[in-house]
Amino acid sequence: MTFPLPRACPYTPPPGLADLQREAPITRVRIWDGSTPWLLTRYADVRAVLADRRFSVDPARPGYPARGPAGRGRRTGRGSFISMDGPEHLRLRRMLIGEFTVRRVEALRPSIERTAAELLDELTAGPQPADLVERYALPLPSIVISDLLGVPYEDHAFFEDRARAMLDDSAGDEANRAATAELARYLGTLLHRRSTRPTDDLLGRLSAEQVATGALSRSDAVATAILLLVAGHETTANQIALSTAFLLDNPQHAEAFRSADGPPAAAVDELLRLLTITHLGRRRVATADVRLGDVTIRAGEGVIAAADIANRDRREFPDPDEVDLRRSPNHHLAFGHGEHLCLGHHLARLELRVALTALLRRLPRLRLAVPAGELPFRHAHPIYGIDRLPVAWD
């Protein structure tokens, strides 16, 4: 079977993945270069592999199942810590953990709510129909991560464009590298300025507490800044847009976000479970022989852990295809699992909750301006979502 598989519904993983989960949850698939990594579709297997240090995230290792030609050559130098294993990954990650604690993230709530309100003021003052991605879903997380890092938001067109080019597997290795290099120069300049003019933002703290003390090299600081800037807006923007489209297409569930008490605390996690945007799987390569179920995965063999269909596994989630905005427990894998759990998951949850609640309360008669079937879903992009979301309101 060739991976990735085609979808039948834009809000549901490919039906072929559900078939595999039932009949062959650990199986070989063929990817773009003719190699045949293992595809995991069962929740327990995906979770186990993501927590197992015998599976490497390093794309430079032989056998790593890259998403495309550019993925194999993407690491020049060390890259960011999400492409590192073991102690070095943990050392660099620990430098940032304090920036994304529940307490630190919750302190951002007033500014995120203010940003959402200001964007909605601008949206409602403009013409209809409007592209909700351009006017709301993308600028909200871009403003938030810019403020957090200390990156001037007036440069957003530049860094959003370079982020798209970095993540576009179809653009080719040269375009990916060029976009990465431009972002590196830009963020490297901002970091250098902090060495003479300290600031109370994340870049300023990286410069003063890590780079200046020798705990972090300048190149590692730049790679970390690129990761935070790109991941901090690209993933959340697509989750906001996809969740909005889903709720407008299924209005019975949107009412929970319009209520005076706000949505249940579990509502955002249910949307994350159902609409997992890492739809091309989390990639690993085995560094030792590992027995998984009835299969032995040999050292050097690639693995694709399909979190989107794992989040629909009925052995973990009762009635997995039903929307239950009060679902508890909900140990979904939308943010990964184990040592590589998404560092910004608390921030992403808060942004999604604020964005959807503010939008649906402010515009209770918000509607899609085109049939759902005409929306440009990002089927071939490594981060699933919607490129444009035309909406109208009364």
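Preceding this paragraph is the structure being described.
Residues numbered from 1 in each chain as written. Predicted model: local features only at pLDDT ≥ 70, side-chain atom pairs only at ≥ 80, totals over all residues. Heavy atoms only, no water.

S.K.: Before we go on, may I ask you to explain the environment of Thr-357 in this structure?
M.R.: Structurally, Thr-357 can be placed in helix α16 (residues 345-362). Note on Thr-357: relative accessible area 11%, which makes it buried. Linking Thr-357 and Arg-7, residues 350 residues apart in sequence, is a C-alpha distance of 29 Å. Look past the residues within four positions of Thr-357 in its chain and what remains in contact with it is Phe-257 and Pro-263. (Helix = DSSP H or I, 4+ residues; strand = E, 2+ residues; numbered from the N terminus. Buried < 20%, exposed > 50% of the residue type's maximum accessible area, 1.4 Å probe, protein only. Contact = heavy atoms within 4.5 Å.)

S.K.: Mind showing me how you'd approach the pairing of strand β8 (residues 302-305) here?
M.R.: Within a regular beta strand, the side chains point alternately toward one face of the sheet and then the other, so they alternate between its two faces. Both faces of β8 are covered, namely the face carrying Gly-302 and Ile-304 and the face carrying Val-303 and Ala-305. Pairing of strand β2 (residues 38-40) with β8, which is carried by three bridges, proceeds in the parallel orientation. When the sheet's bridge partners are listed, Leu-39 is paired in β8 with Ile-304. Here four bridges tie strand β5 (residues 282-286) to β8, and the two strands are oriented antiparallel to one another. (Pairing = 2+ DSSP bridges.)

S.K.: Help me understand the sheet that holds strand β4 (residues 130-131), please; the structure alone is not making it clear to me.
M.R.: Judged by pairing direction, the sheet is antiparallel, and its three strands sit side by side in the order β4-β10-β9 without closing on themselves. In the strand order of this sheet, the two ends are held by β4 and β9 (367-368), each with one partner. Bridging between β4 and strand β10 (residues 390-392) involves two bridges; their strand directions are antiparallel. By the bridge assignment for β10, Asp-131 is matched with Pro-390.

S.K.: Teacher, can you tell me more about the packing of helix α8 (residues 139-149) against α16 here?
M.R.: Between two packed helices, the angle of one axis relative to the other and the distance separating the axes together describe the packing. Here α8 crosses α16 at 140°, and the two axes come no closer than 11 Å. Of the possible angle classes, the one that applies to α8 and α16 is oblique. As for how α8 packs across α16, the hand of that crossing is right-handed. Of α16, the residues touching α8 (which contributes Leu-140, Pro-141, Val-144 and Leu-148) are Leu-347, Glu-351 and Ala-355. Taken together, the residues of the contact of α8 with α16 break down into six nonpolar, no polar and one charged. (Axes fitted to C-alpha atoms, helices over the stretch in contact; angles between N-to-C directions. Parallel < 35°, antiparallel > 145°, perpendicular 65-115°, else oblique. Left-handed = near helix turned anticlockwise from the far one by under 90°. Nonpolar A, V, L, I, M, F, W, Y, C, P; charged D, E, K, R; others polar.)

S.K.: Explain the nonpolar core here, please?
M.R.: Generally speaking, nonpolar side chains in soluble globular proteins are found buried as a group. Counting residues in hydrophobic clusters, the biggest one holds 90 residues, and the most contacted among them are Tyr-11, Tyr-136 and Leu-389. Residue contributions to this core peak at 16 residues, all from helix α12 (residues 218-249). If you look at the next biggest cluster of nonpolar residues, it comprises 19 residues, including Leu-40, Val-49, Val-290 and Ala-310. (Core = buried A, V, L, I, M, F, W, Y, C linked by side-chain atoms within 4.5 Å.)

S.K.: Could you clarify how one ought to interpret the sheet that holds strand β3 (residues 55-56) in this entry?
M.R.: Think of a sheet as strands paired side by side through backbone hydrogen bonds, with each pair either parallel or antiparallel. Read across the open sheet, the five strands follow the order β1-β2-β8-β5-β3; overall the sheet is mixed. Of all strands in the sheet, those with a lone pairing partner are β1 (26-28) and β3, marking the two edges.

S.K.: Before we go on, may I ask you to explain the side chain of Ser-142 in this structure?
M.R.: Summarising the element assignment, Ser-142 is placed in helix α8. Aside from chain neighbours lying at most four places away, what touches Ser-142 is Tyr-153, Phe-159, Glu-160 and His-233.

S.K.: What's the story with the packing of aromatic side chains in this structure? I'm lost.
M.R.: What describes a pair of aromatic rings is the distance from one ring centre to the other and the angle between the planes of the rings. Using the criterion set out here, one finds five aromatic pairs in the structure. Between Tyr-43 and Phe-317, the aromatic rings sit 5.5 Å apart at their centres with planes inclined by 90°, giving edge-to-face as the arrangement. In this pair, Tyr-43 sits in helix α2 (residues 43-50) while Phe-317 sits in the loop between α15 (307-310) and α16, placing the two residues 274 residues apart along the sequence. A relative accessible area of 5% places Tyr-43 in the buried class. For Phe-317, a relative accessible area of 1% puts it in the buried group. Note on Phe-377 and Tyr-384: the rings are 6.2 Å apart at their centroids and 15° apart in plane angle, and the pair reads as stacked. (Phe/Tyr/Trp six-rings, centres within 6.5 Å; stacked < 30°, edge-to-face > 60°.)

S.K.: Quick question: what am I supposed to make of α16 here?
M.R.: An α-helix turns once per 3.6 residues; consequently, residues spaced three or four apart project the same way. Its 18 residues give α16 an end-to-end C-alpha distance of 26 Å, which sits within 8% of 26 Å, the value for a rise of 1.5 Å per residue. Among the residues of α16, His-345, Leu-347, Ala-348, Leu-350, Glu-351, Leu-352, Val-354, Ala-355, Leu-356, Thr-357, Leu-359 and Leu-360 are the ones counted as buried. (Expected span 1.5 Å × (residues − 1).)

S.K.: Quick question: what am I supposed to make of the pairing of β5 here?
M.R.: Of all five residues that make up β5, five are buried, and the element is covered over most of its length. Residues Arg-282, Arg-284 and Ala-286 line one face of β5 and the alternating positions Arg-283 and Val-285 line the opposite face, and both faces are buried. Relative to β5, β3 runs antiparallel, the two sharing two bridges. Each bridged residue has a counterpart across the sheet, and for Phe-55 the counterpart in β5 is Ala-286.

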